[in-house]
2 protein chains.
Amino acid sequence: MDDERFAPDDVVLGPDEEAALLELAGFTAYVRLGLFGLIAKHTYGAPGLRAAQRMQTIAVRIGQQQQALLNVGAERGVDPVALMRPFGGLFDSFEARTAESSWWEGVLKAVVGHGVASDLCRLLARGLPDEVGAAVRAALVHADRDKDLRITQMIAVAAERDPVLASRLSLWGRRVAGESLTLSWEILQTRLLLADLAETAYRLREEIPLDLDSDEPVSRHSTRETLQDLGSATPLRSAQSGMGEKDDEGMGAIAWVLDELKAEHSRRMERMGLAG
Amino acid sequence: MDDERFAPDDVVLGPDEEAALLELAGFTAYVRLGLFGLIAKHTYGAPGLRAAQRMQTIAVRIGQQQQALLNVGAERGVDPVALMRPFGGLFDSFEARTAESSWWEGVLKAVVGHGVASDLCRLLARGLPDEVGAAVRAALVHADRDKDLRITQMIAVAAERDPVLASRLSLWGRRVAGESLTLSWEILQTRLLLADLAETAYRLREEIPLDLDSDEPVSRHSTRETLQDLGSATPLRSAQSGMGEKDDEGMGAIAWVLDELKAEHSRRMERMGLAG
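Quick caveat: nothing in here was measured; it's all calculated off a predicted structure.

About the thresholds
- As a convention, each chain's residues are numbered from 1 in the sequence order in which they are written.
- Lettering of chains starts at A and numbering of ligands starts at 1, both following the order in which they are written.
- Reporting in this predicted model follows two pLDDT cut-offs: at least 70 for local features of residues, and 80 or more for side-chain atom pairs to be given and counted; totals over whole chains, interfaces and linings ignore these cut-offs and use all residues.
- Side-chain descriptors were evaluated using all non-hydrogen atoms of the structure, hydrogens and water having been removed beforehand.
- We call two residues in contact when some of their heavy atoms are within 4.5 Å.
- By buried area we mean the combined loss of accessible area, with a 1.4 Å probe, across both parts when two parts are placed together.
- A pairing counts as a salt bridge when a side-chain nitrogen of Lys or Arg comes within 4 Å of a carboxyl oxygen of Asp or Glu.
- N or O atoms within 3.5 Å of each other form a polar contact, as long as, within protein, one can give a hydrogen and the other can take it, and as long as residues adjacent in sequence are counted only when both atoms are side-chain atoms.
- Each helix corresponds to a stretch of at least 4 residues labelled H or I by DSSP, and each strand to a stretch of at least 2 residues labelled E; elements are numbered beginning at the N terminus.
- Residues are grouped as follows: nonpolar covers Ala, Val, Leu, Ile, Met, Phe, Trp, Tyr, Cys and Pro; charged covers Asp, Glu, Lys and Arg; every other residue, Gly included, is treated as polar.
- Working definition: with a 1.4 Å probe on protein chains only, accessible area under 20% of the residue-type maximum means buried, over 50% means exposed, and in between means partly exposed.
- The copies were overlaid by least squares, fitting only the C-alpha atoms of residues that reach a pLDDT of 70 or more in each copy.

(A) How the structure looks around the interface of chain A and chain B. Contacts between chain A and chain B engage 28 residues on the former and 28 residues on the latter. For the pair chain A and chain B, the summed buried area comes to about 2400 Å², and 65% of that belongs to carbon and sulfur atoms. Viewed at the interface, chain B and chain A are joined by 2 salt bridges. Measuring nitrogen to oxygen at the nearest pair gives 3.2 Å for the salt bridge that ties Asp79(B) to Arg50(A). Our count for the contact surface shared by chain A and chain B stands at 12 residue pairs in polar contact (both at pLDDT 80 or more). At the level of secondary structure, the elements contributing two or more residues to the side of chain A that touches chain B comprise helix H2 (15-40), helix H3 (49-74) and helix H4 (80-84) of chain A. If you tally residues by element for the side of chain A that touches chain B, the top one is H3(A), at 13 residues. Considering only residue class, the side of chain A that touches chain B consists of 13 nonpolar, 10 polar and 5 charged.

See below:
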């Protein structure tokens, strides 16, 4: 009985699920590597030693999570670099379009940009069998969950003290989110294994309650409205050129994913007092 | 017998040794926090995913070592920020004078600048009773000791392939080392508890063999020659104005420390093929 409980039948993956797991682990590890650099470099220029130490502590945790994801590959004989290679350079144009002009903008970019990316990974992990997705989900636990470490809390306090900063960060957050959602859309258009995970998660959406960070009802904007809402500089170019490449269920799934990501982004901005 | 071996008399610290331990732990933690940021931010712009992952792995280790140093304070009821606060801003002018112009220069700055700083911490830890200094020394183990992670190895390979890069890095390394030695000198002039540790280490130099990274004989340049040799922009200004503030033994100890740091720096540059 015990053996059955610890090694249930559905952990034996078929070749498609195995490939999807490696794809998601590689994508998530690459996202986590980017977030690590983005958080860690903000030990520099931090407003004080306490903030610097907080950034370091969070970055170290993210680094450890990323290494756990690389282990998913290593356990299957896949080298870390081979695991992440399909995603190399993925954030280059995102980075080029979101060059920060202050420490706070850089930190908010980490919270918003990688918040969206991490939510995407969490959502896609729902498309894997429970026990298998667990390895990826464990590596996606919010690294700043403890109340005294929370970056959103630090931003909320700073924004409340300084309305000019709050207003600039509010606009900046919209811009970063627009770029992040565009990038998420592009990823789901080009990485078919990830799109398949999105479809499975979409089919299961009634059965498994969503828990990205909250249980509020889901926004019902269409994908196109979502991208327009966010005022991204070039949201529709790629959206239009890609239309029709996926079947209806695929588009439904992708639209659903983007709506969820946008809803979670809005909640996050509200928690920081930047929803304006 | 066993009890004696595991809790020898000299682990019970007097108030001076206790203060010196906290001072060194705080200084070392601050140095490690700086090195963390410097290494971690170079996950960005790395020449390939493998180099980025290597930077991240090393940075995470350094972060863990830094947290172990903060624990030395926490075990004595000292908050991390309070422990490091005396050293806040210590590297600001060093940073301003060594703004890198390429990824390789940034990485060499980490190797050379924090190499000197870490060697200084290792040397000062010799001034503490063995068992007590061990906590600090353990946090100073080279984070890239494994052969396949070694940053010096990566730089050596790049320098061998590209003589123009090698020649630029060789000059850059001298400049960073000059600034680092000047800063080390200033620290030993202003932080008297650290200067005391240097004097103890100096007195013990015949009894305990040095093991910064090698067992080669020690260079016998004078401090002034050492600083001049390195061609630092402003090495003698502070050296001259500070003369006479320490007694003879103090100056002997500081000169010895700087000579050791310089000798280890030279060995490090040689290992990278940048000694020219």
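(B) Main features of the side chain of Arg54(B). All names here are of chain B. The topology assignment puts Arg54 in helix H3 (residues 49-74). Owing to a relative accessible area of 17%, Arg54 belongs among the buried residues under this scheme. In this structure the side chain of Arg54 is engaged in a polar contact, spanning 2.8 Å, whose partner is the backbone oxygen of Arg150.

(C) Layout of the relation of the copies chain A and chain B. With an axial shift of 0.0 Å and an RMSD of 0.0 Å, the rotation relating chain A to chain B amounts to 180°. On the angle and the small slide along the axis, the relation comes out as a two-fold axis. Among all C-alpha atoms of chain A, that of Lys41(A) lies closest to the rotation axis, at 2.3 Å. Interface overlap between copies: 100% of the residues of chain A at the interface are likewise at the interface in chain B, consistent with a symmetric, same-surface contact.

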